[in-house]
Amino acid sequence: MAAGPPGGGGGGGSSLRFFLLLLVLLSLLCLRGRGQSFGQTRFICTSVPLDGDMCAATAPGTGSAEELKSTVLQLRETVLQQKETIMNQKETIRELTAKLGRCESQSVLEGLPGEAKGGGAGRKAGFSKNTMGDLSRAPAAETLSQLGQTLQSLKTRLENLEQFSRMNSSSQTNNLRDILQNKIDDLERQVLSRVNSLEEGKFSPKNESEERGKIESTLTSLHQRISDLEKGQKDNRPPDRFQLTFPMRTNYMYAKVKKSLPEMYAFSVCMWMKSSASPGMGTPFSYAVPGQANELVLIEWGNNPMEILINDKVAKLPFVINDGKWHHICVTWTTRDGVWEAYQDGTQTGSGENLAPYHPIKPQGVLVLGQEQDTLGGGFDATQAFVGELAHFNVWDRKLSPGEVYSLATCSTKALAGNVIAWAEANIDIYGGATKWTFEACRQLN
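Starting from 1, residues in each chain are numbered consecutively following that chain's sequence as written. Predicted model: local features are reported for residues with pLDDT of at least 70 only, side-chain atom pairs are reported and counted for 80 or more only, and whole-chain, interface and lining totals are derived from all residues. Heavy atoms throughout the structure, all of them, feed into the side-chain values; hydrogens and water do not.

Visitor: Before we go on, may I ask you to explain the overall build of the protein in this structure?
Guide: On a plain count of helices and strands, the protein comes out with seven helices and 16 strands. Looking at the 446 residues of the protein, the share that counts as buried comes to 37%. Long-range pairs, those at least 24 residues apart, make up 69% of the contacts in the protein between residues at least 6 apart in sequence. About 24,800 Å² of surface is accessible on the protein, with carbon and sulfur atoms providing 53% of the total. Under the scheme used here, helices are H or I runs from DSSP no shorter than 4 residues and strands are E runs no shorter than 2 residues, and both carry numbers assigned from the N terminus. Partly exposed residues are those whose accessible area sits between 20% and 50% of the maximum for their type, while under 20% is buried and over 50% is exposed, using a 1.4 Å probe and protein chains only. Should any heavy atoms of two residues lie within 4.5 Å, those residues are counted as being in contact. Note that accessible areas follow from Shrake-Rupley with a 1.4 Å probe, and for residues the cover is restricted to the protein chains shown.

Shown next, in the form of structure tokens:
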């Protein structure tokens, strides 16, 4: 950029002054917005006559016109850098705005009245929302696995009803049993057909939703009819001759004992269990009190051995029971020195001490069968859920003798019911699809 002759005051000088002032203003604005400094550069304001030459005027202590020119070039370079930075930021803003728009549009679609959300209120877990607005669905294999497990559970319940019908033969019972068996066979054919269609890619989302709706409707009807039969069966059995069944790992299948535990300085907990779940059969029972979710818990989680927890203190129990057969177990404990004993099938298999010594079991808690509580009465985790069958859960506020434990394990008529919690259908509420069947282990032993 060339300077005009001194005192020229022509059009070229005015343009140069305007350009220099524009550069200075732009650089000052950028510096103010970014808070940046540029080395040792200084800016000095100097008054220039209207007809004077900008390049000829220098402030006191400044250098020649060459130094001014160098400063102008530095400012020009800075302006270009700032412009490039702004352009990059604009591009980033555009990308974020586009992603936000996709998220907002997806939220609007999900919020429209009348839109199906996964096919029903009971199927929320089948869908999850991505932060960028993309939806992901549970794999078809997982859905089919759940249907298969449900069918297996219904078949097992039907087999139990068949045993009942053999003992109480009637043409009506046999006819109902045959009808239910035919329905289950038909459902299995539908599920198999659905698997083949999914593998061949024949199902559109609409057809898949319709087919699933039909299967679930049939399952609901079938479940209701079996439940009605079981209700009639229940009326003809003693109040303690029942078992609870938890066919799969969920965070919603459980049973709740209506009565809480009192303050106890000793206890005995005994029950029958049957499981083949691996790894770990889960949590047969958990007792939580306000401020302590692990007041009294029996759990076998992952590849760990079964453990008894008292006030978060742990003892490992020498039980080996996940072989798919019925086993009777008992755990006794006293607060004095924290002494405990473990019995399997009527025989003592282990003992120890210093398990929560001098800590009484607190009252006014919640006793749950089949789930581990992380909060009072809730906070269930499917990975810790019990899978299998459970019966004759009894609690005493004292230490049972070896003879009393043996009587329980051999189904002796001398066996006593728990004086704190006694096993009776009226004392148990079930939730989430856990079922009650007739207990057969003692009949097999006798």
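Visitor: Sorry if this is basic, but what is going on with helix 6 (residues 402-409) here?
Guide: Side chains that are three or four residues apart share a direction in an α-helix, a result of its 3.6 residues per turn. Among the residues of helix 6, those classed as buried are Val 405, Ser 407, Leu 408 and Ala 409. Count one or two residues on from helix 6 and you reach Cys 411, which has phi positive near 60°.

Visitor: Quick question: what am I supposed to make of unusual backbone geometry here?
Guide: Note on backbone geometry: most residues besides glycine have negative phi, and most peptide bonds are trans. In this structure, the amide linkage connecting Ser 278 to the following residue, Pro 279, adopts the cis form with an omega of -5°. Locating Pro 279 in the fold gives a position in the loop between strand 5 (266-274) and strand 6 (282-289). Positive phi, close to 60°, is recorded for Gln 364, a residue that is not glycine. Secondary-structure assignment places Gln 364 in the loop between strand 12 (347-352) and strand 13 (366-369). Residue classification places Gln 364 among the exposed positions, given a relative accessible area of 64%.

Visitor: I would appreciate a short explanation of the pairing of strand 11 (residues 339-344) in the present structure.
Guide: For a regular strand, side-chain orientation follows a simple rule: the groups alternate between the two sheet faces. Counted residue by residue, strand 11 has five buried out of six residues, so it is predominantly covered. What sits between strand 10 (residues 327-334) and strand 11 in their antiparallel hairpin is a turn of four residues, with Asp 337 showing a positive phi close to 65°. A pair of strands is labelled paired if DSSP reports no fewer than 2 bridges between them. As defined by bridge partners, strand 11 adjoins strand 12 across five bridges and the pair is classed as antiparallel. The residue of strand 12 that forms the bridge with Tyr 343 is Gln 348. Linkage of strand 11 to strand 12, two consecutive antiparallel strands, is achieved through a turn of two residues, within which Asp 345 is found at a positive phi near 55°.

Visitor: Hey, could you run me through the nonpolar core in this one?
Guide: What tends to happen in soluble globular proteins is that the nonpolar side chains get buried as a cluster. Nine residue types can take part in a nonpolar core, namely buried Ala, Val, Leu, Ile, Met, Phe, Trp, Tyr and Cys, and a core is a set of them joined through side-chain atoms within 4.5 Å. Among the nonpolar cores identified, the biggest contains 52 residues, and Leu 261, Phe 285, Ile 308, Leu 369 and Phe 393 are the most heavily contacted of them. In contact with Ile 308, other than residues within four places in its own chain, are Phe 285, Leu 296, Val 297, Leu 298, Lys 313, Val 314, Ala 315, Leu 317, Val 331 and Leu 355. Ranked by size, the runner-up nonpolar core spans seven residues in total, among them Cys 270, Tyr 343, Trp 396 and Leu 400.

Visitor: Would you explain the sheet that holds strand 7 (residues 292-300) in this entry?
Guide: Backbone-to-backbone hydrogen bonds pair the strands of a sheet. The strands run either parallel or antiparallel. With respect to topology, seven strands assemble into an open sheet ordered 9-8-7-6-13-4-15, the strand pairing being antiparallel. Of all strands in the sheet, those bounded by a partner on one side alone are strand 9 (313-316) and strand 15 (428-431). Neighbour-to-neighbour, the strand axes of the sheet open up by a mean angle of 20°, direction not taken into account. Pairing of strand 8 (residues 307-310) with strand 9, which is carried by four bridges, proceeds in the antiparallel orientation. For Ile 308, the partnering residue across the bridge sits in strand 9 and is Ala 315. Every angle, taken between N-to-C directions, lies between 0 and 180 degrees, and every axis is a line fitted to C-alpha atoms, over only the stretch in contact when it is a helix.

Such coordinate-based values are descriptive only and should not be taken to indicate function.
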